[in-house]
Amino acid sequence: MVPGPVVGPLSNYRVELSPVAFVDRLVPAVKILKNRPDPPHAARVPDARKGGFGPDESLVDPNRLAAMLEDTDATYETQCGSWAIFKLCKHLISLTGDAQYGDWIEQAAYNGLAATPPIPTAGNVFYYSNYNPYGASKRDGGAAWSCCAGTRPMALADVCDLIYFSAPDGLCVNLFVPSTVTVGSGSSALSIRQETRFPEAPSTSFEFHCGRPVKQTIRFRRPGWLAGQVSARLDGAPAPLTVDSHGWLVLRHTWRDGDRIDLTLPMGFRSAPLYADKPYPTAVTIGPVTMAFRSDRGNPVSKIGLTSLGSELVPSQGEPLTYHLQSAPDILARPFYAYKEGEEYYMYLDPSALGRISHYHMRTNGPWHDSGNHYYCNVPGAWCEGDFEGDAVTLLGFKYDDGGRGEVQVDGRVVGTIDEYASGRDIPAEWTYRGLGTGKHVIRVTVTNAKAPESKDVYINIAGLRLKG
Ligand SMILES: [Zn+2]
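Here the structure is a predicted model, which means the values were calculated and not measured.

The next point concerns the sheet that holds strand E7 (residues 190-195). If you walk across this open sheet you meet the 6 strands as E6-E7-E8-E14-E10-E11, and the pairing is antiparallel. Looking at which strands have only one partner, the edges of the open sheet turn out to be strand E6 (179-183) and strand E11 (237-239). Ignoring which end each strand starts from, the neighbouring axes of this sheet average 25° apart. Where strand E10 (residues 231-234) meets strand E14 (residues 260-264), 4 bridges bridge the pair, whose relative direction is antiparallel. Residue Ser231 lies in a different strand from E14, and its bridge partner there is Thr264.

Encoded structure:
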C-alpha cells in the first residue's frame, strides 16, 4: 500500500554531526580548517533548466541563459541561492511527498554551498559562482557581510533538516550523508545510523538499533542521476526494493537490533546540456556532482566526446572523483567543489568559446586586479598583453564611467588607442585590428594618463581576445 503524500521534516530526529562537521564529512577531499574562525568548505550548480537562480540574481528568459553564461561573471548567487533552494524544496517534498525535489537540494548542497572557498574573518563570503565558458575562477565576494554572509550559516545549518523526512509509516532518506536519526520513542524507538563516503563512493549503509523489534517502512530517494539499478542488501542478503508512486525506493521490514542495509547507488558521467534540444553548452556531471575542467589551452570542448565520457576520462590515482582525459592527459576533470580560490576552470563546454583567449591567458605588468571576467588597472605604464596567431585580432573589454584611454601595440608597434569611457557601466566593447600579417603576434595594452574629459578615472580593463575577426 502506498502511503499518502503527507511527508514532513522529521521533528524528533537528531544528527550526530554539527553543520560544520557535516561539511567536513561531506567532502573529505577539501581541507576543513577546524577551530579557525573561517567556516569550512567543500561543491555544483543548480540546474538552470529547472528555473534556478539565474545570472545577475535574476529570473531570465531561458533562451538568454547561454548568452548570459558569457556576458556575466555573476552566474549563481551561491549562498542565498542554495538557501532558497533548500527552503523551496523542503516545502515541495512536504507538500507533494515527491522525492524528485531532493535532487535539487543535493545539487545545491554539493555544487553551491560546498563549492565555497574558505571565508576570511572579514566576512567576505564567496558570493557569485562563475560558469563562464571562456574560463573562470572563484574569487572573494568583495564586500564584507553581504546577504550571502548571512544565508551561508543558515543554509549550512539547514542541511541537517534535509537529510530525513517522516512519512506516516516510517522514514524517508533524502540525502546520503553520515548521520543518525531516531524514529519513534520509548520502547518502540528505532535509531538509524547512516555511514557513507558518498559522493566519493557510490554507496551508503544504515545500521539499525532498537530495544525490541520495530516495524517501519524505510524509503530512499531514487536520484535522477542514477546510472544503473539501485541494489540493497539486508544483513548481507539481497533485499527487494519497490518504487512507490512518489519516486521513493521502499523497504518494509521489522527491524531488529543490529540490522544493516547496504545500498549501492551507481554513478556515471553524463552530459547536462543547458537546453534539452541542443548539445551545447553543456556541463559534465557524475552523480549529483558537477565537474569542471582544468585546461591550459582554452575551453576543452573539442577534445571531449560527450558520448564516450566514461572511456575518455581516466581516474587519477589517489584523488577522489578526479580524472584525466586519455587523449590529452594535461586536461583534468574534477568536482567544481574541489577548485580553490583563483584556480582557473571551465565548467560549461561550448564551441562558441573557441577562438577566444581569456584574460587569464594574458600576461600583466603592474597592479592589475581580477574581476572574474576581466583584469583592470588605473596605474599609468601598467600593461596587459597576450599572444595570438593570424592576420586579425579583436580586443575585448568593457566601458565604464571611470574608463580611460589605453595605448595598443602589436609586436611593439603602436596600432591605436582604445577609449573605455562611457556614461554607463559594464558596457561590452571591442576593438578589431586587421592586416597584421599571418603568423604569431603579441598585442599589448598600456594604461595611460589620458581619458575622456567626463571620465572619473583612467581605468583600463581587458577581458580577453577573440580571433577570426
Ligand atoms: Zn546573497
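A separate point is a negative patch on the surface. Taken together, the side chains of Asp56, Glu57, Asp71 and Asp426 present a region of like negative charge at the surface. Residue Asp56 is classed as partly exposed on the basis of its relative accessible area, which comes to 39%.

With that settled, the discussion passes to the coordination of the zinc ion. In the first shell of the zinc ion, the protein supplies Glu77 (OE), Cys80 (SG), Cys147 (SG) and Cys148 (SG), at 2.0 to 2.3 Å from the metal. One way to put it: the 4 donor atoms around the zinc ion meet at angles of 95 to 134°, and that makes the site tetrahedral. We note that the donor set of the zinc ion lies within a single chain, spaced as E-x2-C-x66-C-C. Here Cys80, found in helix H3 (residues 78-96), pairs with Cys147, found in helix H5 (residues 147-159); they are 67 residues apart in sequence, far enough to count as distant. Residue classification places Cys147 among the partly exposed residues on the basis of a relative accessible area of 38%.

With that settled, the discussion passes to the layout of surface pockets. Empty space within the largest pocket amounts to approximately 490 Å³. Sorting the residues of the lining of the largest pocket by element identifies helix H2 (65-71) and strand E31 (460-462) as the ones contributing at least two each. Across the lining of the largest pocket, the residue classes tally to 9 nonpolar, 6 polar and 9 charged. Taken domain by domain, the makeup of the lining of the largest pocket includes at least three residues from each of domain 1 (4-160) and domain 4 (356-466).

The rules we used
- For every chain, the first residue of its written sequence is number 1, and the numbers climb from 1 along that sequence.
- pLDDT decides what is reported in this predicted model: residues at 70 or higher carry local features, side-chain atom pairs at 80 or more are listed and counted, and totals for whole chains, interfaces and linings draw on all residues regardless.
- Note: side-chain values were computed over all heavy atoms of the structure, leaving out hydrogens and water.
- Think of it this way: DSSP has to see at least two bridges between two strands before they count as a pair.
- Counting from the N terminus, the helices are DSSP H or I runs at least four residues long and the strands are E runs at least two residues long.
- Lines fitted to C-alpha atoms define the axes, with helix axes restricted to the stretch in contact, and inter-axis angles between N-to-C directions lie between 0 and 180 degrees.
- Patch membership needs two things, relative accessible area over 30% and no salt bridge, and members are linked within 9 Å if like-charged or within 5 Å if nonpolar (Val, Leu, Ile, Met, Phe, Trp, Tyr).
- Computed by Shrake-Rupley with a 1.4 Å probe, the accessible areas treat only the displayed protein chains as cover when residues are assessed.
- When a carboxyl oxygen of Asp or Glu lies within 4 Å of a side-chain nitrogen of Lys or Arg, that pair is called a salt bridge.
- Charged-residue counts in this description rest on Lys and Arg as positive and Asp and Glu as negative, His and the chain ends being excluded.
- The atoms used to mark charge sites are NZ of Lys, CZ of Arg, CG of Asp and CD of Glu.
- Only protein chains enter the accessibility calculation, which uses a 1.4 Å probe; a residue whose area is less than 20% of its type maximum is buried, one above 50% is exposed, and one in between is partly exposed.
- Excluding water, the donors of a metal are its N, O and S neighbours within 2.8 Å, or within 3.2 Å for Na, K and Ca, and that exclusion means sites may look incomplete.
- Donor angles set the geometry label: tetrahedral for four donors if every angle is between 85 and 135 degrees, square planar for four and octahedral for six if opposite donors exceed 155 degrees and the others are between 65 and 115, irregular for anything else.
- In this analysis the probe radius is 1.4 Å and the grid spacing 1 Å, with only protein atoms considered; a cavity is a set of points the probe fits into but cannot get out of, a pocket is an open set with protein on both sides within 12 Å along at least five of seven lines, and lining residues have an atom within 4 Å of a point.
- Grid points are joined across faces, edges and corners, and a volume is the space filled by probe spheres set on the points.
- Gly is put with the polar residues, along with every residue not named as nonpolar or charged; the nonpolar set is Ala, Val, Leu, Ile, Met, Phe, Trp, Tyr, Cys and Pro, and the charged set is Asp, Glu, Lys and Arg.
- A domain assignment, automatic or from a database, supplies the domain bounds used here.

Honestly, it's all geometry; don't read function into it.
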